[in-house]
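In case you want the letters, here they are:
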Amino acid sequence: MSFVLPLSVGQSSSCELLDFETVEDLDAAAFPERLNPFLPEGVRILDCWAPVEPVREMKFLQADVTLEYDGGVPGGAAERITALLLGESVVVAKRNKKKQMVDTDIRPMIESVAAEKREGTVVLHVTVQSQNPGVNPALLAAAVERHLPDLKPDFVRVRRTALLDGNRQQFR
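Residues numbered from 1 in each chain as written. Predicted model: local features only at pLDDT ≥ 70, side-chain atom pairs only at ≥ 80, totals over all residues. Heavy atoms only, no water.

A.B. asks: Give me the lowdown on the nonpolar core, citing residues and values where you can.
C.D. replies: Leu 67, Ile 81, Leu 85, Ile 106, Leu 124, Val 126 and Leu 163 are the most contacted members of the largest nonpolar core, which totals 37 residues. Secondary structure elements with two or more residues in this core: strand E4 (58-68), helix H2 (77-85), strand E7 (110-118), strand E8 (121-129), helix H3 (138-147) and strand E9 (155-165). (Core = buried A, V, L, I, M, F, W, Y, C linked by side-chain atoms within 4.5 Å. Buried < 20%, exposed > 50% of the residue type's maximum accessible area, 1.4 Å probe, protein only. Helix = DSSP H or I, 4+ residues; strand = E, 2+ residues; numbered from the N terminus.)

In structure tokens:
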């Protein structure tokens, strides 16, 4: 049993996947109803299915990255952040497979960005590569801090909203 793409500490999700094998056949549709009474408060199984694709075929994830500004959103922030993240290059410090921090251009791993200004926040609705290579959506906030220091948020929240296959459909 394993969580697919486990979240970093402090991040939330509405689409976690738990990959597991059973020793006997089970009715996947009935599984959530049978297991939910035994789960901790706030954790619920919404759906269960036999895998259609192996986990290595998951290509993208969608997330909302919320940048919070205590003093209000600086003028033009949403537009400047979008231009940065969709520009030619977005270099940030990223941990490599050897656990070393190295400067990495994450721009090739950013599929799409749509910024929405709300009261006191800019919400980035993003689609990024999930693996091989993948990018943690929190690194987009790190890019803002590094390249647009005047737009550094006071707080960042990341909520994963979808896991997608190579056709940008819900991963199954």
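A.B. asks: Break down H2 for me, citing the residues and quoting the values.
C.D. replies: For H2, the full list of buried residues reads Ala 77, Ala 78, Ile 81, Thr 82, Leu 84 and Leu 85. Summarising the axial view, the buried residues of H2 lie within an arc of 160°, below the 170-degree limit, and thus occupy one face. Turned more than 90 degrees away from the buried face of H2 sit Glu 79 and Ala 83, all of them exposed. Along its buried surface, H2 packs onto E4, E7, E8 and H3. (Arc of directions from axis to C-beta. Contact = heavy atoms within 4.5 Å.)

A.B. asks: Can you break down the layout of surface pockets residue by residue, with the values?
C.D. replies: When its volume is computed, the largest pocket comes out at roughly 1200 Å³. In terms of lining residues, the largest pocket is bounded by 35 residues, among which Glu 16, Leu 17, Leu 18, Asp 47 and Trp 49 are the most central. Those elements that provide at least two residues to the lining of the largest pocket are strand E1 (2-4), strand E3 (17-19), helix H1 (31-35) and E9. A per-class count over the lining of the largest pocket returns 22 nonpolar, 6 polar and 7 charged. In this structure, the second largest pocket is lined by 25 residues; those nearest its centre are Lys 94, Ser 130, Gly 134, Val 135 and Asn 136. Broken down by element, the lining of the second largest pocket gets its largest block of residues, 3 residues, from strand E5 (residues 91-95). Along the lines of polarity and charge, the residues of the lining of the second largest pocket split into 12 nonpolar, 8 polar and 5 charged. (1 Å grid on protein atoms, 1.4 Å probe; cavity = no way out; pocket = protein on both sides within 12 Å on 5 of 7 lines; lining within 4 Å. Points joined across faces, edges and corners; volume = space filled by probe spheres on them. Nonpolar A, V, L, I, M, F, W, Y, C, P; charged D, E, K, R; others polar.)

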